[in-house]
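# Fold and contact review
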Amino acid sequence: MENSDQRRQFVGELWRRFEALQEWAIHNWPEQQHPLSSANFVEARKEILALGHDDMFKQAEPSAAEPADGGPQYIEVTPAPWP
(Lines give C-alpha, C1' and ligand atoms only; values in the text may rest on other atoms or scores of the structure.)
Protein backbone atom coordinates (compact mmCIF):
# COMPACT_ATOMS: atom_id res chain seq x y z
CA MET A 1 0.00 0.00 0.00
CA GLU A 2 2.84 2.35 0.80
CA ASN A 3 4.38 1.83 -2.65
CA SER A 4 1.03 2.65 -4.23
CA ASP A 5 0.84 5.94 -2.32
CA GLN A 6 4.42 6.78 -3.24
CA ARG A 7 3.70 5.99 -6.88
CA ARG A 8 0.64 8.26 -6.87
CA GLN A 9 2.67 11.07 -5.32
CA PHE A 10 5.42 10.55 -7.89
CA VAL A 11 2.95 10.56 -10.79
CA GLY A 12 1.28 13.69 -9.40
CA GLU A 13 4.59 15.54 -9.16
CA LEU A 14 5.63 14.28 -12.60
CA TRP A 15 2.29 15.49 -14.01
CA ARG A 16 2.76 18.98 -12.52
CA ARG A 17 6.29 19.23 -13.89
CA PHE A 18 5.21 17.94 -17.28
CA GLU A 19 2.42 20.53 -17.48
CA ALA A 20 4.96 23.27 -16.74
CA LEU A 21 7.32 21.89 -19.38
CA GLN A 22 4.48 21.67 -21.90
CA GLU A 23 3.52 25.31 -21.32
CA TRP A 24 7.15 26.39 -21.66
CA ALA A 25 7.53 24.40 -24.89
CA ILE A 26 4.36 25.83 -26.41
CA HIS A 27 5.34 29.43 -25.60
CA ASN A 28 8.97 29.08 -26.70
CA TRP A 29 8.56 26.96 -29.84
CA PRO A 30 10.69 28.68 -32.52
CA GLU A 31 8.61 27.74 -35.60
CA GLN A 32 5.77 30.25 -35.52
CA GLN A 33 4.29 28.97 -38.79
CA HIS A 34 3.88 25.50 -37.19
CA PRO A 35 2.99 26.21 -33.55
CA LEU A 36 2.79 23.52 -30.90
CA SER A 37 -0.44 22.84 -29.05
CA SER A 38 -1.46 20.61 -26.18
CA ALA A 39 -2.48 18.03 -28.81
CA ASN A 40 1.22 17.48 -29.52
CA PHE A 41 1.61 16.10 -26.01
CA VAL A 42 -1.28 13.60 -25.88
CA GLU A 43 0.87 10.47 -26.07
CA ALA A 44 3.24 11.72 -23.38
CA ARG A 45 0.27 12.42 -21.08
CA LYS A 46 -1.03 8.88 -21.69
CA GLU A 47 2.35 7.43 -20.72
CA ILE A 48 2.50 9.49 -17.52
CA LEU A 49 -1.01 8.47 -16.52
CA ALA A 50 -0.19 4.83 -17.21
CA LEU A 51 2.55 5.02 -14.60
CA GLY A 52 -0.14 5.22 -11.93
CA HIS A 53 -1.76 1.90 -12.83
CA ASP A 54 -0.79 -1.12 -10.74
CA ASP A 55 -1.36 -3.50 -13.69
CA MET A 56 1.60 -1.97 -15.49
CA PHE A 57 3.96 -3.19 -12.80
CA LYS A 58 2.79 -6.81 -12.84
CA GLN A 59 4.87 -9.17 -14.93
CA ALA A 60 3.31 -10.75 -18.00
CA GLU A 61 4.11 -14.24 -16.66
CA PRO A 62 4.80 -14.25 -12.92
CA SER A 63 6.03 -17.84 -13.06
CA ALA A 64 8.52 -17.20 -15.87
CA ALA A 65 12.15 -17.66 -14.88
CA GLU A 66 14.72 -14.94 -15.45
CA PRO A 67 16.85 -15.35 -18.61
CA ALA A 68 19.90 -16.20 -16.46
CA ASP A 69 17.87 -19.04 -14.93
CA GLY A 70 16.89 -20.52 -18.29
CA GLY A 71 13.79 -18.39 -18.87
CA PRO A 72 12.95 -16.59 -22.10
CA GLN A 73 15.04 -13.56 -23.03
CA TYR A 74 12.08 -11.87 -24.71
CA ILE A 75 8.35 -12.06 -24.03
CA GLU A 76 6.11 -10.80 -26.83
CA VAL A 77 3.62 -8.31 -25.40
CA THR A 78 2.64 -6.45 -28.57
CA PRO A 79 -0.87 -7.40 -29.73
CA ALA A 80 -1.25 -8.82 -33.20
CA PRO A 81 -2.47 -6.38 -35.87
CA TRP A 82 -6.02 -6.53 -37.12
CA PRO A 83 -6.53 -9.10 -39.87
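Cut-off values and rules
Residues numbered from 1 in each chain as written. Predicted model: local features only at pLDDT ≥ 70, side-chain atom pairs only at ≥ 80, totals over all residues. Heavy atoms only, no water. Helix = DSSP H or I, 4+ residues; strand = E, 2+ residues; numbered from the N terminus. Buried < 20%, exposed > 50% of the residue type's maximum accessible area, 1.4 Å probe, protein only. Contact = heavy atoms within 4.5 Å. Areas by Shrake-Rupley, 256 points an atom, 1.4 Å probe, with all protein chains shown as cover. Core = buried A, V, L, I, M, F, W, Y, C linked by side-chain atoms within 4.5 Å. Phe/Tyr/Trp six-rings, centres within 6.5 Å; stacked < 30°, edge-to-face > 60°. Salt bridge = Lys/Arg side-chain N within 4 Å of Asp/Glu carboxyl O. Expected span 1.5 Å × (residues − 1).

### A look at the overall build of the chain
The secondary structure content of the chain amounts to two helices and zero strands. The burial tally for the chain puts 13% of its 83 residues in the buried class. When contacts within the chain are restricted to residue pairs at least 6 apart in sequence, long-range pairs at least 24 apart make up 46% of them. For the chain, the accessible surface area stands at approximately 7400 Å², while carbon and sulfur atoms represent 57% of it.

### With respect to the nonpolar core
The tendency in soluble globular proteins is for nonpolar side chains to be buried side by side. The biggest cluster of nonpolar side chains holds six residues, and these are Val11, Phe18, Ala25, Leu36, Phe41 and Ile48. Take this core: its biggest share by element is three residues, from helix α1 (residues 2-28). Residues in contact with phenylalanine 18, not counting those within four places in the same chain, are Phe41, Ala44, Arg45 and Ile48.

### Considering the side chain of glutamine 22
On the secondary structure map, glutamine 22 appears in helix α1. Here glutamine 22 falls in the buried class, since its relative accessible area comes to 3%.

### Quick look at the packing of aromatic side chains
Applying the stated criterion across every chain yields a total of one aromatic pair. Their ring planes at 70 degrees and their centres at 6.0 Å tell us that phenylalanine 18 and phenylalanine 41 sit as a pair that is edge-to-face. Pair noted here: phenylalanine 18 is in helix α1 and phenylalanine 41 is in the loop between α1 and α2 (42-50), with a separation of 23 residues, a long-range link. Its relative accessible area of 12% is what places phenylalanine 18 among the buried residues.

### Here's the deal with the pattern of salt bridges
According to the stated counting rule, one finds four salt bridges in the structure shown. Of the charged contacts, one joins glutamate 13 and arginine 16 as a salt bridge, the two residues approaching to 3.1 Å between their closest N and O atoms. Of the two residues, glutamate 13 and arginine 16 are both situated in helix α1; the distance of three residues between them amounts to about one turn of the helix. Its salt-bridge partner being arginine 17, residue glutamate 13 comes within 2.8 Å of it at the nearest N-O pair. You can see glutamate 13 and its partner arginine 17 sitting in helix α1, four residues apart, about one turn around the helix.

### Focus: α1
Taking 1.5 Å per residue, 27 residues should reach 39 Å; α1 reaches 39 Å between its end C-alpha atoms and fits that length. Among all positions of α1, only Ser4, Arg7, Val11, Phe18, Gln22 and Ala25 are buried. On its buried face, α1 is in contact with α2.

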